Amino acid sequence: MGADFAVAPDSPELKSILEKQKLGFDVVIDAVGHENIINAGISMIKMTGTICVYGVVGSPEINLKKDKGPYNFNLLIHQWPTRHAEASAQEPLIDWIREGLLNADDFVTGVFPIEQFSEAVEAVKLPGSIKTMLTFDSWSRSS
């Protein structure tokens, strides 16, 4: 299990990678749940590739531009517990953080630069792992 590589969607490196990856990617992951990201992913996947949406899709409808991708592809949307439960929890959580009743850092059990993706995946598997974050600092400095 693991990614061969990861790039930011607005990275100039992505265009170069797509040109080399002539058939497209097996999988594109959208961890935000935004229609524009989903549609951008459609143009990047190969025939029978998969777009995995793990972010909570905020809009009630998604306009898919399926003509931008292969004839057959998979779109998996996983929202847990539900988008309504997730959305309704956001405001109270933000208020508690602002009021000092909750410290967001208490829930982050690991922060890794994207270059240490494999180590981050291993950290997620450990008992007690809550949130593991990836940073893209080196990409922003190089672009």
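As the structure is a prediction and not an experimental result, all values here were calculated from the model.

What follows concerns the overall build of the protein chain. The helix and strand tally for the protein chain stands at five helices and five strands. From first element to last, N terminus to C terminus, the protein chain shows the α and β order α-β-α-β-β-α-β-α-β-α. Every one of the 143 residues in the protein chain was classed for burial, and the buried ones make up 21%. Look at the contacts in the protein chain between residues 6 or more apart in sequence, and 44% of them connect residues 24 or more apart. Surface exposure of the protein chain reaches about 10400 Å², of which carbon and sulfur atoms provide 56%.

As a further point, take helix α4 (residues 117-124). Listed as buried for α4 are Ala120, Val121 and Ala123. In a view along the axis of α4, the buried residues occupy a sector of 160°, so they form one face of it. Packing partners of the buried residues in α4 comprise β4 (108-113) and β5 (131-135).

Looking now at the pairing of strand β2 (residues 45-53). The pairing of strand β1 (residues 25-30) with β2 spans five bridges and is parallel. What sits directly across from Phe25, in β2, is Ile45. What joins β1 to β2 is helix α2 (residues 35-42), and the crossover it makes is right-handed. Bridge count for β2 against strand β3 (residues 74-77) is four bridges, and the pairing is parallel. Pairing of Ile51 across the sheet is with Leu75, part of β3.

Take the pairing of β4 next. In terms of strand pairing, β4 meets β5 through five bridges, oriented parallel. Counted as the bridge partner of Phe112 is Leu134 from β5. Taking the sense of rotation as the criterion, the β-α-β connection linking β4, α4 and β5 turns out right-handed.

This part covers a nonpolar patch on the surface. A cluster of nonpolar residues, Val27, Ile29 and Tyr54, forms a patch on the protein surface that exposes about 300 Å² of accessible area. Note on Val27: relative accessible area 43%, which makes it partly exposed.

This part is about the sheet that holds β1. Strands sit in the order β1-β2-β3 across an open sheet of three strands; the sheet is parallel. What marks the edges here is a single partner per strand, and that holds for β1 and β3. Taking each pair of neighbouring strands and ignoring which way they run, the sheet shows an average axis angle of 15°. Taken strand by strand, α2 contacts β1, β2 and β3, and its axis lies near 160° from that of β2.

About the criteria used
- Residues numbered from 1 in each chain as written.
- Predicted model: local features only at pLDDT ≥ 70, side-chain atom pairs only at ≥ 80, totals over all residues.
- Heavy atoms only, no water.
- Helix = DSSP H or I, 4+ residues; strand = E, 2+ residues; numbered from the N terminus.
- Buried < 20%, exposed > 50% of the residue type's maximum accessible area, 1.4 Å probe, protein only.
- Contact = heavy atoms within 4.5 Å.
- Areas by Shrake-Rupley, 256 points an atom, 1.4 Å probe, with all protein chains shown as cover.
- Arc of directions from axis to C-beta.
- Pairing = 2+ DSSP bridges.
- Right-handed = clockwise from strand over helix to strand, strands pointing away.
- Patch = residues over 30% accessible without salt bridge, like charges linked within 9 Å, V, L, I, M, F, W, Y side chains within 5 Å.
- Salt bridge = Lys/Arg side-chain N within 4 Å of Asp/Glu carboxyl O.
- Axes fitted to C-alpha atoms, helices over the stretch in contact; angles between N-to-C directions.

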